[in-house]
Amino acid sequence: MTSRGEFHIVPSVHRSPRYLGSLVRAKLAREARPVWVDICVTNRCHLSCEYCYGDYHHRRDSIGQFHVEQLCSMVDEAATLGTAVMTLTGGEPMLHKSIGKIIDRAVSRGISVGMVTSGFRVKERVDELVRLSSIVLSVDGPEPINDANRGAGTFAVSMGALEVCQARGIPRIVKAVLNRRNKDQVPWLLDLAARFDARLEVVMTYAPQSDRQLRMHGDNSLDAGERQALADALLAHKRAGAPLVFRERVWENMARWWEHHGEDRVTDAERRERFPYLPCSAGRYYAFIDGDGRMYPCNQRLADFPAKNVLEVGFRAAWEHLRDHGCFACAAPWLNQQHLVSSERHLVRSLGRDLLARVARA
């Protein structure tokens, strides 16, 4: 099961010729193209994590899980529009019986594929996953803390998944959602990532996402002061060379955000003077497709964006509907990495103008 923000950006993918080529061509043409797309392949989940942004265990959407034919059609349409990277998520994506076929279809279209999972059935089905460019495996801390957050037995499942993915050479990211139970576990999590030759990605919890979660678990989310202290600590870890996913500039943004903002995202009218924002690229180079077929600029907007359904209007029309979504910037590190890498200044600095021109022609 995924938490709010359990979508990720893999720096090595950002250096791939297909990704860079698709992004550069979009910029030169001054066009919005879905260079990166996340798809919730199923709303089904066997867990009931207290912080799940979608509260998937109790969702009753009209679809709940895409048929493999629908997913293959989305992959084909996305590839035609220039998608270079795709993340398969959920719910729990390993509950989809055809996950291997979906991965193979995307890879055959030249798309780098990642997955976000609790580790469920990864050991048993690892042969279907060997073509992944990355796998994000959820671990919230030592076994008692992890299982309190995510459910009894989930720690053992995650460890088994990390072991088999390491043995098979699938690039690994350990993903933790930080709340009051595990906010002091970042050093432990960094040691775990090092043990499995992985990188660490973290996000912070906000308020419970549903009344049901609040009734069942109480409120273990972080307040503004706790978020600020964690943001400062994470930036210090990054500057010291810790294997944290995302660039240092992203962690700098997070460390400064809560000093100047009461909310985790702002519109253009709400932006603060002289704050070094990473302007939003969602809806221009990134999109999220929920398990009912509706396409959003990102998963942060599930509750309030009037999304169109790709199964009803087609991928292109749903994508074109995302242009004016109203956000200017946000505090989400996985999105800010996307915004940073897709900025023209970053591309020029990273590639140089001559190489930029060659990538565009490739």
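What you see is a predicted model, and the numbers here were worked out from it, not measured in a lab.

Observations regarding the sheet that holds strand β2 (residues 85–90)
Pairing is mixed in the open sheet, where 9 strands are placed in the order β6-β5-β4-β3-β2-β1-β8-β9-β10. At either margin of the open sheet sits one strand with a lone partner, and together these are β6 (199–204) and β10 (308–309). Pairing geometry for strand β1 (residues 36–42) and strand β8 (residues 286–289), over 4 bridges, is parallel. If you follow Trp36 over to β8, its bridge partner there is Tyr286. Along the sheet, helix α6 (residues 154–168) makes contact with β4 (134–138) and β5 (172–178), crossing β4 at roughly 160°.

Overview of the pattern of salt bridges
Where charged atoms from two side chains of opposite charge come close, those side chains can pair. Enumeration according to the criterion identifies 17 salt bridges in this entry. We note a salt bridge from Asp268 to Arg271, for which the minimum N-O separation is 3.0 Å. Residue classification places Asp268 among the partly exposed residues on the basis of a relative accessible area of 46%. Since its relative accessible area comes to 41%, Arg271 is described here as partly exposed. Note that Arg294 is salt-bridged to Asp292, the shortest N-O span being 2.4 Å. The network of salt bridges with common partners includes Arg180, Lys183, Asp223 and Glu226.

Brief notes about the nonpolar core
In terms of nonpolar packing, the biggest core is built from 105 residues, with Tyr19, Ile39, Leu129, Ile289 and Met295 touching the most fellow members. The element best represented in this core is helix α3 (residues 68–80), accounting for 7 residues. Apart from residues no more than four positions distant in its own chain, Ile289 is found in contact with Val37, Asp38, Ile39, Cys40, Phe66, Met74, Arg294, Met295, Val310 and Phe315. If you look at the next biggest cluster of nonpolar residues, it comprises 8 residues, including Val266, Phe275, Ala329 and Ala331.

What about the packing of helix α7 (residues 186–195) against helix α9 (residues 224–239)?
Close contact between α7 and α9 brings their axes to 12 Å; oriented N to C, the two are set at 35°. Of the two elements, α7 crosses α9, and the hand of that crossing is right-handed. Contact residues: α7 offers Val186, Pro187 and Leu190, while α9 offers Leu230, Leu234 and His237. The residue makeup of the contact of α7 with α9, split by class, is 5 nonpolar, 1 polar and no charged.

Regarding helix α13 (residues 333–341)
Here α13 lies mainly inside the structure; 9 of its 9 residues are buried. When α13 is considered as a whole, its buried residues turn out to be Pro333, Trp334, Leu335, Asn336, Gln337, Gln338, His339, Leu340 and Val341.

Comments concerning the packing of helix α10 (residues 248–260) against α13
Angle between the axes and distance between the axes are the two parameters that describe a pair of packed helices. Interhelical geometry of α10 versus α13 gives an angle of 130° and a closest axis separation of 9 Å. Looking at the two axes, α10 sits oblique to α13. Considering only the axes of α10 and α13, their crossing is right-handed. Every residue of α13 that contacts α10 at Arg249, Val250, Trp251, Asn253 and Met254 is listed here: Pro333, Asn336, Gln337 and Leu340. Here the contact of α10 with α13 is built from residues that sort into 5 nonpolar, 3 polar and 1 charged.

What to know about the confidence of the model for the chain
With 83% of its residues at a pLDDT of 70 or more, the chain has an overall mean of 86. In this model residues 1–11 is a low-confidence stretch, pLDDT under 50, and it forms 76 contacts with partners more than four residues away in sequence or in other chains. Overall, residues 208–217 carries pLDDT values under 50, and its contacts beyond four positions in sequence, including any with other chains, amount to 24 contacts.

Considering the side chain of Gln337
Tracing the chain through its elements places Gln337 in helix α13. Classification of Gln337 by relative accessible area gives buried; the value is 0%. A distance of 2.9 Å separates a polar atom in the side chain of Gln337 from the backbone nitrogen of Arg247.

About the thresholds
- Residue indices follow the written sequence of each chain, beginning from 1 at its first position.
- With the structure being a predicted model, the display of local features is reserved for residues of pLDDT at least 70 and the display and counting of side-chain atom pairs for 80 or more, all residues being used for whole-chain, interface and lining totals.
- The basis for every side-chain value is the complete set of non-hydrogen atoms in the structure, without hydrogens or water.
- Only when DSSP finds a minimum of two bridges between them are two strands counted as paired.
- Strands here are runs of E lasting at least two residues and helices are runs of H or I lasting at least four, both read from the DSSP assignment and numbered beginning at the N terminus.
- The contact criterion used throughout is that any non-hydrogen atoms of two residues lie within 4.5 Å.
- Fitted lines through C-alpha atoms give the axes, limited to the stretch in contact for helices. The angle between two N-to-C directions lies from 0 to 180 degrees.
- The term salt bridge refers to a pairing of a side-chain nitrogen on Lys or Arg with a carboxyl oxygen on Asp or Glu at a separation within 4 Å.
- Each residue's exposure class comes from its accessible area (1.4 Å probe, protein chains only) as a fraction of the maximum for that residue type: buried when under 20%, exposed when over 50%, partly exposed otherwise.
- Remark: nonpolar core denotes a set of buried residues (Ala, Val, Leu, Ile, Met, Phe, Trp, Tyr, Cys) joined through side-chain atoms within 4.5 Å.
- Helix crossings get a hand from a simple test, with the near helix turned counterclockwise from the far one by less than a right angle marking a left-handed crossing and a clockwise turn marking a right-handed one.
- Here the term charged refers only to Asp, Glu, Lys and Arg, the term nonpolar to Ala, Val, Leu, Ile, Met, Phe, Trp, Tyr, Cys and Pro, and the term polar to all other amino acids, Gly among them.
- Each angle is binned into one of four classes, with values under 35 degrees roughly parallel, values over 145 roughly antiparallel, values of 65 to 115 roughly perpendicular, and all other values oblique.
- Every residue is assigned a pLDDT by the predictor, reflecting its confidence on a scale from 0 to 100.
- As used in this structure description, the phrase polar contact means that two N or O atoms lie within 3.5 Å; if the pair is within protein, one of them must be able to donate a hydrogen and the other to accept it, and residues adjacent in sequence are counted only when both atoms belong to side chains.

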